[in-house]
Amino acid sequence: MRLYAQTPARRTRQLVADLIALLLIAITVKFALVVRDAILTLAEPGRKAESAGDSLASGLDDAGDAASKVPFVGDSLKKPLKSAADAGTSLSDAGRSLQDTVGHVATLTTIALIVLPTAVILLLWLVPRLWWIRRTATTRRLLDAPGGADLLALRALTGPQRQLATVPTPPGGLADAWRRGDPEVIADLSTLTLRRVGLRP
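J.: So what exactly am I meant to see when it comes to the nonpolar core here?
T.: Burial of nonpolar side chains together is a common tendency in soluble globular proteins. Within the largest apolar cluster, 11 residues are counted, these being A153, A156, L157, L164, V167, L174, A177, V185, I186, L189 and L192. Residue assignment for this core shows that the elements contributing at least two residues are α4 (148-158), α5 (174-179) and α6 (183-197). Sequence-distant contacts of A156, that is, excluding residues within four places in its chain, are made with L164, L189, L192, T193 and R196. One finds V35, I39, A43 and V102 within the second-largest nonpolar core, a separate group that totals five residues.

J.: Sorry, what's going on with the pattern of salt bridges here?
T.: Any two side chains of opposite charge can pair, on the condition that their charged atoms come close. As enumerated under the stated definition, the model contains two salt bridges in all. The residue R129 makes a salt bridge to D18 at a minimum N-O spacing of 3.0 Å. Placement of the pair is R129 in helix α3 (residues 74-144) and D18 in helix α1 (residues 8-40), with a sequence separation of 111 residues. Each member of the pair, R129 together with D18, is buried.

J.: Teacher, can you tell me more about α1 here?
T.: Structural remark: α-helix, 3.6 residues per turn; residues separated by three or four positions point the same way. With 33 residues, α1 should cover 48 Å at 1.5 Å per step; its first-to-last C-alpha distance of 48 Å lies within 8% of that length. Buried residues of α1: Q14, D18, A21, T28, A32, V35 and I39, and no others.

Definitions and cut-offs
Residues numbered from 1 in each chain as written. Predicted model: local features only at pLDDT ≥ 70, side-chain atom pairs only at ≥ 80, totals over all residues. Heavy atoms only, no water. Core = buried A, V, L, I, M, F, W, Y, C linked by side-chain atoms within 4.5 Å. Buried < 20%, exposed > 50% of the residue type's maximum accessible area, 1.4 Å probe, protein only. Helix = DSSP H or I, 4+ residues; strand = E, 2+ residues; numbered from the N terminus. Contact = heavy atoms within 4.5 Å. Salt bridge = Lys/Arg side-chain N within 4 Å of Asp/Glu carboxyl O. Expected span 1.5 Å × (residues − 1).

Dropping the structure here:
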């Protein structure tokens with residue numbers, strides 16, 4: 001299996017396409033991570049709420065414990081302070097919930113921003129590359145089979161006519177020389193087919 005063409009022009013195009021694909025994927029990942037960081041900044045109010053709620057709950061718990069030691073009215077003073085501490089805990093829980101939600105949104109957005117563009121890039125780059133690999137393997141297999149050079153010569157005759165102008169035309173024309181089995185014309189035509197897919201004889 002050949003990954004790159006043997007002819008310099010096609011090989012250069014393939015290398016450039018590979019570099020562009022890799023660069024686009026790298027840009028996609030970088031952009032997704034920047035967006036993720038931007039979304040995660042939305043969790044800052046949640047962090048502040050969690051911190052404030054924890055501090056409030058802790059302070060009110062301590063105050064409730066201290067108030068419970070006051071003779072006669074300690075229990076009466078402790079109850080509202082403990083209720084306020086529970087409100088602080090609820091504020092802290094809300095802050096954590098906001099952070100979790102923002103984290104999930106950031107993760108899903110990052111995955112979508114990486115997977116979808118990368119899939120499109122791979123579709124536009126990898127599918128043609130796999131098709132080329134398959135085509136070159138088939139062409140090489142044809143060349144190595146008995147009578148393969150004749151088949152490749154026929155493919156050149158039935159392919160784009162512009163490229164046939166580069167093959168020296170014998171008396172009677174290329175088609176007539178191919179029918180007569182002229183080895184030189186067959187070799188020239190099969191070489192043309194190989195060059196067309198980026199292979200050398």
